[in-house]
Amino acid sequence: MAMRIARGDAACAPHQADMAHQKPTGAPQTPEVKRRRAQAAPKTLDKLHRNPVPRAPLRANRLRRHPAQTAPPELGGWRSYTITFVCMSQRPVQALALPDDLVVLQRDWLSSNNLLCLGEQAAIVDTGHVKHAAQTVRRVRAVLGTQPLATIAHTHLHSDHCGGTGALQAAWPTATTWVPEPSLDAVQRWDEDALSFDGTGQRCARFGADRALVPGQPVRLGAHDWQVHAAPGHDSLAVLLFEPRHGILVSGDALWEHGVGVIFPHIDGSAGFEPFNETLDVIERLAPEIVIPGHGAPFGRAGGAIDAALGRARERIATFQAQPAQHALYAAKVLIKYQMLDVDAMTHADFERWLNAAPSLHLLHRQHRPDLDWPSWLAHVLAPMFGKGVLQRDATHVRDGN
Ligand SMILES: [Zn+2]
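Residues numbered from 1 in each chain as written. Predicted model: local features only at pLDDT ≥ 70, side-chain atom pairs only at ≥ 80, totals over all residues. Heavy atoms only, no water.

### Considering the confidence of the model for the protein
Item 1. For the protein, per-residue confidence averages 82 on the pLDDT scale, and residues scoring 70 or more make up 76% of the total.
Item 2. Low pLDDT, under 50, characterises residues 1–29; the stretch is placed with 119 contacts to residues that sit more than four places away or in other chains.
Item 3. Note that residues 59–95 has pLDDT below 50 and, in this model, 76 contacts with residues that lie over four places away or in other chains. (pLDDT = per-residue confidence, 0-100. Contact = heavy atoms within 4.5 Å.)

The structure is reproduced here in structure tokens:
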């Protein structure tokens, strides 16, 4: 099998592209945390290898349909990458292929995708949201069978990328857990402020960490050595993982096919939009053949999908740079939607309490429309969300919508 994608929670949902503009996660920090994160963030991007590893040819035409009835019932059937690709983009089928030992579990917008790297020491990259933790363990077990999970690695520690880590560690207690270097200490102390869970009231089950992902120091995941590159922008401490022989990039939230994530360092004032562009420069220089993003379907160089994604991301960042208030409005909607994806429904009183208690929303209020008072601003942000059905409300509750 060239590449398998387990049936995702919304693998072919037609609204995926729209949802890409509602990507959440992260939080503002206290001044002390902000200072530490700013200090910890790499000042310059790590240099690319001067002598790139020769690439193994990607084996095209290896994509095959896998009838659902032959697939593990746990997963509801495998779907081939080709099928998902067509569903997502409505473009002609592309000849994309991953090595047989890489398995993408495509998830939704509350949980990040998970990449399983098979081999003698099986590894997973990113673990989804805590709400889906049990499902994540089931899916990983369905792929690994009786083989233990040896390694858990993270592109960054937003709650939708590390929420399943605690459950995976409970299921496979001998697994070694890797996190971006500047976060290692905060994870070991479980400092929820430094880890950015407190600021937005997002939740993440506690987990441990053993090893640091350091830009410039390769890490073995499954059967391949992966380069680690700093990827500030969406998150100051994020990393990219790049497998140079096949040209496979795990981009986390640094690059999706459609849309860009919230630029969290801009919300708390620790950085601007430019680091996001610098990370796009790094991706361009790496020239990946296939990008496995944190959300949405993988996409490839063939057919120009990667170049198009880079172009769209740069355009979006340029818009934010020209009109930062647009980013603030976008980020506010994302954070509210993310909360509702997690909780499904809240009473009106609880919803109002959550809004009032989210420090990030107050920062965004000031960045977007300081001329409005808080209740007027909330009404201004929420009206189109209710109007478009992104959120719904009845007499007693606010509910997640479409
Ligand atoms: Zn993120």
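### Details of helix 14 (residues 374–387)
Counting along an α-helix, one turn takes 3.6 residues, and residues three or four places apart therefore face a common direction.
Item 1. The terminal C-alpha atoms of helix 14, which comprises 14 residues, lie 20 Å apart, in line with the 20 Å expected from a rise of 1.5 Å per residue.
Item 2. A maximum bend of about 25 degrees is found in helix 14 at Val-381, where proline Pro-384 lies one to four positions downstream.
Item 3. Among the residues of helix 14, Trp-374, Trp-377, Leu-378, Val-381, Leu-382, Met-385 and Phe-386 are the ones counted as buried.
Item 4. Two residues or fewer after helix 14 comes Gly-389, characterised by a positive phi angle close to 80 degrees. (Helix = DSSP H or I, 4+ residues; strand = E, 2+ residues; numbered from the N terminus. Expected span 1.5 Å × (residues − 1). Bend = angle between axes of the 7 residues up to and from the residue. Buried < 20%, exposed > 50% of the residue type's maximum accessible area, 1.4 Å probe, protein only.)

### As for the coordination of the zinc ion
Item 1. The zinc ion binds to the protein through His-156 (NE2), His-158 (ND1), His-234 (NE2) and Asp-253 (OD), with metal-donor distances spanning 2.1 to 2.4 Å.
Item 2. The coordination sphere of the zinc ion comprises four donor atoms, whose angles at the metal cover 86 to 173 degrees; the geometry is irregular.
Item 3. Each donor residue of the zinc ion lies on one chain, and together they are spaced H-x1-H-x75-H-x18-D.
Item 4. Here His-156 falls in the buried class, since its relative accessible area comes to 1%.
Item 5. Take His-158: its relative accessible area is 2%, and that puts it in the buried class. (Donors = N, O, S within 2.8 Å, 3.2 Å for Na, K, Ca; no water. Tetrahedral: all angles 85-135°; square planar, octahedral: opposite > 155°, others 65-115°.)

### Some words on helix 9 (residues 274–286)
Item 1. Given a rise of 1.5 Å per residue, 13 residues ought to cover 18 Å, and the 19 Å separating the end C-alpha atoms of helix 9 matches this to within 8%.
Item 2. Of the positions making up helix 9, those classed as buried are Pro-275, Phe-276, Asn-277, Thr-279, Leu-280, Val-282, Ile-283 and Leu-286.
Item 3. Those residues of helix 9 hidden inside the fold are in contact with strand 10 (224–230), strand 11 (239–243), strand 12 (248–252) and helix 10 (305–322).
Item 4. Once helix 9 ends, the next one or two residues include Ala-287, with phi positive near 50 degrees.

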